[in-house]
Amino acid sequence: MKPRPRVPADASKAVTPQSLRQQYEAGATVDELVTASGLSYGTVLNRLHDAGTVMRTSWQTRRMRQNPQARQRLAAHLRTLYEQHGATLTELATAAGETRRGARRLLIEAGGTVRTTQQTQRMRSAAQAAERYKVALSLRARYEAGATVPELAREHSYSVATVYRLLHQAGTRMRPQHAHGPAHDTRKQP
């Protein structure tokens, strides 16, 4: 066991939870904080906890130290996914190989603002509606070029009712329906 430097009792009080948190979030490990402050391991952990510090795993610390530019690029990428593509924190965590909390931290580091669940749902709903309208417009173009509703349904793996609904949403003027089957003879039989 390595000897810890002796620090006077009043000096240990000068090491505030906030200063420990700042050093920890800048990349210092708990062991390094123990050595620098002269406090016990448990006291450093307690002060970090009191400051509301989110603790890292050892591999997160290694990754953070290996390449800070890579961390910044990852954080910027996560922010783009989150803000422009409507990704959730769970999806960001999967993309980054992090926990949800870690992904949230990276997002905030990149200057992102965390959305509420309702905001995410509204964002995704609007994106889905826009995509569905694009599909409706492409169906309309094919229909107006002569394709039938059953053909469109088969091509896009939609039901006939869904194709009709999408054509209606796109404001398509529908062709008159044709009577299928044998022709009826309107002449009177003797």
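Worth saying up front: this structure is predicted, and the values here are computed from it rather than measured. (Residues numbered from 1 in each chain as written. Predicted model: local features only at pLDDT ≥ 70, side-chain atom pairs only at ≥ 80, totals over all residues. Heavy atoms only, no water.)

A. Quick look at the packing of helix α5 (residues 58-66) against helix α6 (residues 68-84). Across the interface, α5 lies against α6 with an axial gap of 5 Å and an inter-helix angle of 105°. One way to sum up the angle between α5 and α6 is to call them roughly perpendicular. Contacts from Arg 63, Met 64, Arg 65 and Gln 66 in α5 reach Pro 68, Arg 71 and Leu 74 in α6. Its residues assigned to classes, the contact of α5 with α6 shows 3 nonpolar, 1 polar and 3 charged. (Axes fitted to C-alpha atoms, helices over the stretch in contact; angles between N-to-C directions. Helix = DSSP H or I, 4+ residues; strand = E, 2+ residues; numbered from the N terminus. Parallel < 35°, antiparallel > 145°, perpendicular 65-115°, else oblique. Contact = heavy atoms within 4.5 Å. Nonpolar A, V, L, I, M, F, W, Y, C, P; charged D, E, K, R; others polar.)

B. View of the environment of Gly 171. Tracing the chain through its elements places Gly 171 in the segment after α11 (160-169). Here Gly 171 falls in the partly exposed class, since its relative accessible area comes to 49%. For the pair Gly 171 and Leu 137, spaced 34 residues apart in sequence, the C-alpha to C-alpha distance is 8.8 Å. (Buried < 20%, exposed > 50% of the residue type's maximum accessible area, 1.4 Å probe, protein only.)

C. A look at the side chain of Ser 37. Along the polypeptide, Ser 37 turns up in helix α3 (residues 30-37). A relative accessible area of 8% means that Ser 37 is categorised as buried. Of the polar contacts made by the side chain of Ser 37, one reaches the backbone nitrogen of Leu 39; its length is 3.1 Å. (Polar contact = N/O pair within 3.5 Å; in protein donor to acceptor, adjacent residues only side chain to side chain.)

D. Focus on the packing of aromatic side chains. One pass over the structure, following the stated rule, counts 0 aromatic pairs. The ring of Tyr 143 is capped by Arg 175, whose NZ or CZ atom sits 4.0 Å from the centre of that ring. (Phe/Tyr/Trp six-rings, centres within 6.5 Å; stacked < 30°, edge-to-face > 60°. Lys NZ or Arg CZ within 6 Å of the ring centre and 35° of its normal.)

E. Just the pattern of salt bridges, in detail. All told, the structure shown has 7 salt bridges when counted by the stated rule. Among the ionic pairs, Glu 25 bridges to Arg 21, the shortest N-O distance being 2.8 Å. One end of the pair, Glu 25, and the other, Arg 21, are both in helix α2 (residues 17-25), 4 residues apart, so they sit about a helical turn from each other. Classification of Glu 25 as partly exposed rests on a relative accessible area of 41%. When the shortest N-O distance is used, the salt bridge between Glu 83 and Arg 79 registers 3.0 Å. Of the two residues, Glu 83 and Arg 79 both sit in helix α6, 4 residues apart, roughly one turn of that helix. (Salt bridge = Lys/Arg side-chain N within 4 Å of Asp/Glu carboxyl O.)

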